[in-house]
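Spelled out, the chains give:
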Amino acid sequence: MNIERKVKSLALSLGFDRVGITDAAPFQRDEEAATRRVMDGLMDGLPWYTEERVHRMNRPELLLEGACSVISMAANYNTGTPQPATEKPRGKVARYAWGRDYHNVIKARLRRFARELPDVVEQPVRTRFFVDDGPMNDRAAAERSGVGWFGKNTNILTPTHGSWVFLAQVITDLELKPDPPLKKTCGECIRCIPACPTNAIVAPYVIDNRKCISFLTIELRGPIPRQLRPLMGDWVFGCDICQDVCPVNRKAVLSSEPDFNKRHDFDAPDLIPLLDLDDEAFRKRFEGSPIRRAKREGLQRNVCVALGNIGDPVAVPALMNALDSDSPLVRSHAAWALGQIGGDEARTALKRALNYEEDRDVREEIADAIP
């Protein structure tokens, strides 16, 4: 068995589903494209995503001195379709967040990979690994190594697992023979582009981050722009629409990783009880879950928007209580939701709240919500 096969066998034995190898040359095309997106303002809202970071993330030799190769891996998280909604107002959560936090699961595998690699190749090895939370262009590496190809929704698509994969990269000083990129493409298919309700896919392979529901529900810390709220539907953490409509995902293999299985009702959470959570209850309920990234304030903001879009009057009492939240952000979005649902009870609550609300921005939201 040659050294490349040994490396790949180790990765597969640790639970990764696809493995490819590329060299450590700069991802020049991807650096230029990402720089243009930054300059065009499409990455606004992510202050850490700068031209300097783009330069660094596309040059493996800056991330590991003496870098020769990048080992690209993908782990399948496709655990099936969500359960049908019940009579309760329920939200939607992106599939990757149904189970345990993938950062912890994948990093544990990578630590073992790095620990065992020297014995497998029978020589000292230096490595540095990434799971999409560091300055490494994981999608560029996955494409060039043949793990998958770029979809027009900017996700990496694999022949066997579709886009339901977590990507991981190991930069190493090992000299390995690169794999060729796949020849597959999306062809003429553009189903993901018109399917995006906020029109975030502004062109094939180009996302306007400011409109993406995943950004709005996770990364954005302030108010969600009012013109986008009605377009977000019942998504409260992330979004899978562009993946759900992708033909490549129809025959994607199911994952066998127990840690990615659904926990609690995380695929379609009962929304109203989430408005009652304090910080301690939030931490306990979402312990070990990616959903914690939204923080309690952000999740409750998202819940208000989802309840407003669902429009079920059963949510009015909970939204009325949310008008007394300790968070101005939650109060303002609760007011918007009550305005969307309407009715005498909601109108009375909004007028009453306007009498004692002191925050200027919240007062504006309340006033605009009153018919």
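Residues numbered from 1 in each chain as written. Predicted model: local features only at pLDDT ≥ 70, side-chain atom pairs only at ≥ 80, totals over all residues. Heavy atoms only, no water.

This part takes up the packing of aromatic side chains. By the definition in use, this model includes 9 aromatic pairs. Consider the rings of F166 and F260, whose centres lie 5.1 Å apart with planes at 70°: the pair is edge-to-face. Of this pair, F166 sits in strand β7 (residues 165-172) while F260 sits in the loop between α9 (241-244) and α10 (279-285), and the two are 94 residues apart along the sequence. Across this residue pair, the class does not change: F166 and F260 are buried. Through successive ring pairs, a cluster of aromatic residues spans Y77, Y96, Y102, W164, F166, F237 and F260. The ring of W235 has K92 sitting right over it, with the charged end atom 5.9 Å from the ring centre. Over the ring of F16 we find R109, and its NZ or CZ is 5.5 Å from the ring centre. (Phe/Tyr/Trp six-rings, centres within 6.5 Å; stacked < 30°, edge-to-face > 60°. Helix = DSSP H or I, 4+ residues; strand = E, 2+ residues; numbered from the N terminus. Buried < 20%, exposed > 50% of the residue type's maximum accessible area, 1.4 Å probe, protein only. Lys NZ or Arg CZ within 6 Å of the ring centre and 35° of its normal.)

Inspection of the secondary structure assignment puts N76 in strand β2 (residues 69-76). A distance of 2.9 Å separates the side chain of N76 from the backbone oxygen of V253, its partner in a polar contact. (Polar contact = N/O pair within 3.5 Å; in protein donor to acceptor, adjacent residues only side chain to side chain.)

Let us now look at the packing of helix α13 (residues 328-341) against helix α15 (residues 360-369). Interaxial distance between α13 and α15 falls to 8 Å at its minimum, and their mutual angle equals 5°. Between α13 and α15, the crossing angle belongs to the class labelled roughly parallel. Contact residues: P328, R331, S332, A335, W336 and G339 in α13; V362, E365, I366 and A369 in α15. Its residues placed into classes, the contact of α13 with α15 shows 6 nonpolar, 2 polar and 2 charged. (Axes fitted to C-alpha atoms, helices over the stretch in contact; angles between N-to-C directions. Parallel < 35°, antiparallel > 145°, perpendicular 65-115°, else oblique. Contact = heavy atoms within 4.5 Å. Nonpolar A, V, L, I, M, F, W, Y, C, P; charged D, E, K, R; others polar.)

Tracing the sequence through the fold places D138 in helix α6 (residues 138-144). Residues contacting D138, with those up to four places away along its chain left out, are D132, L167 and Q169.

What follows concerns the nonpolar core. Core analysis: the largest hydrophobic core is formed by 89 residues, its most contacted members being M73, Y96, I106, F113 and L319. Apart from residues no more than four positions distant in its own chain, M73 is found in contact with A11, F16, R18, V19, L110, F113, F166, L167, A168, Q169 and V170. F27, L63, L64 and A141 belong to the second largest nonpolar core, which has 11 residues in total. (Core = buried A, V, L, I, M, F, W, Y, C linked by side-chain atoms within 4.5 Å.)

Even without a glycine there, the phi angle at E122 is positive, about 60°. Inspection of the secondary structure puts E122 in the loop between α5 (102-121) and β4 (127-130). Judged by relative accessible area, which is 65%, E122 ranks as exposed. Phi angles above zero are rare outside glycine, and Y205 is one such case at about 75°. Looking at where Y205 falls in the secondary structure, it is placed in the loop between β8 (201-203) and β9 (206-207). Classification of Y205 by relative accessible area gives partly exposed; the value is 37%.

This part covers the sheet that holds β4. With antiparallel pairing, 4 strands are arranged side by side in an open sheet as β1-β2-β7-β4. Looking at strand neighbours, the two that pair on one side only are β1 (18-23) and β4, the edges of this open sheet. Within the sheet, the average angular offset between the axes of one strand and its neighbour, ignoring direction, is 20°. Where β1 meets β2, 6 bridges bridge the pair, whose relative direction is antiparallel. Residue pairing in the sheet places D23 in a bridge with S69 of β2. Along the sheet, helix α1 (residues 3-13) makes contact with β1 and β2, crossing β1 at roughly 140°. On the sheet, α5 packs against β2, β4 and β7 and is oriented at approximately 165° with respect to β4. (Pairing = 2+ DSSP bridges.)

Right, let's get into helix α11 (residues 295-310). For α11, spanning 16 residues, the distance from its first C-alpha to its last is 22 Å, which sits close to the expected 22 Å at 1.5 Å a residue. Of all the positions in α11, only R296, G298, L299, Q300, R301, N302, V303, C304, V305, A306, L307 and G308 are classed as buried. Against α8 (213-219), β10 (235-237), α10, α12 (316-322) and α13 lie the buried residues of α11. In the segment just after α11, G311 is the residue with positive phi, at about 75°. (Expected span 1.5 Å × (residues − 1).)

Along its 14 residues, α13 runs 20 Å from first to last C-alpha, staying within 8% of the 20 Å computed at 1.5 Å per residue. Taken together, the buried positions of α13 are occupied by L329, V330, R331, S332, H333, A334, A335, W336, A337, L338 and I341. Tucked into the core, α13 has its buried residues touching α11, α12, α14 (344-356) and α15. A positive backbone phi angle near 75° is found at G342, which sits one or two residues after α13.

Moving on: the state of the cysteines. Summed over all chains, the structure comprises 0 disulfides. The structure places no disulfide on C212, whose sulfur is separated from the nearest cysteine sulfur, that of C196, by 6.7 Å. With a relative accessible area of 22%, C212 lands in the partly exposed category. (Disulfide = S-S within 2.5 Å.)

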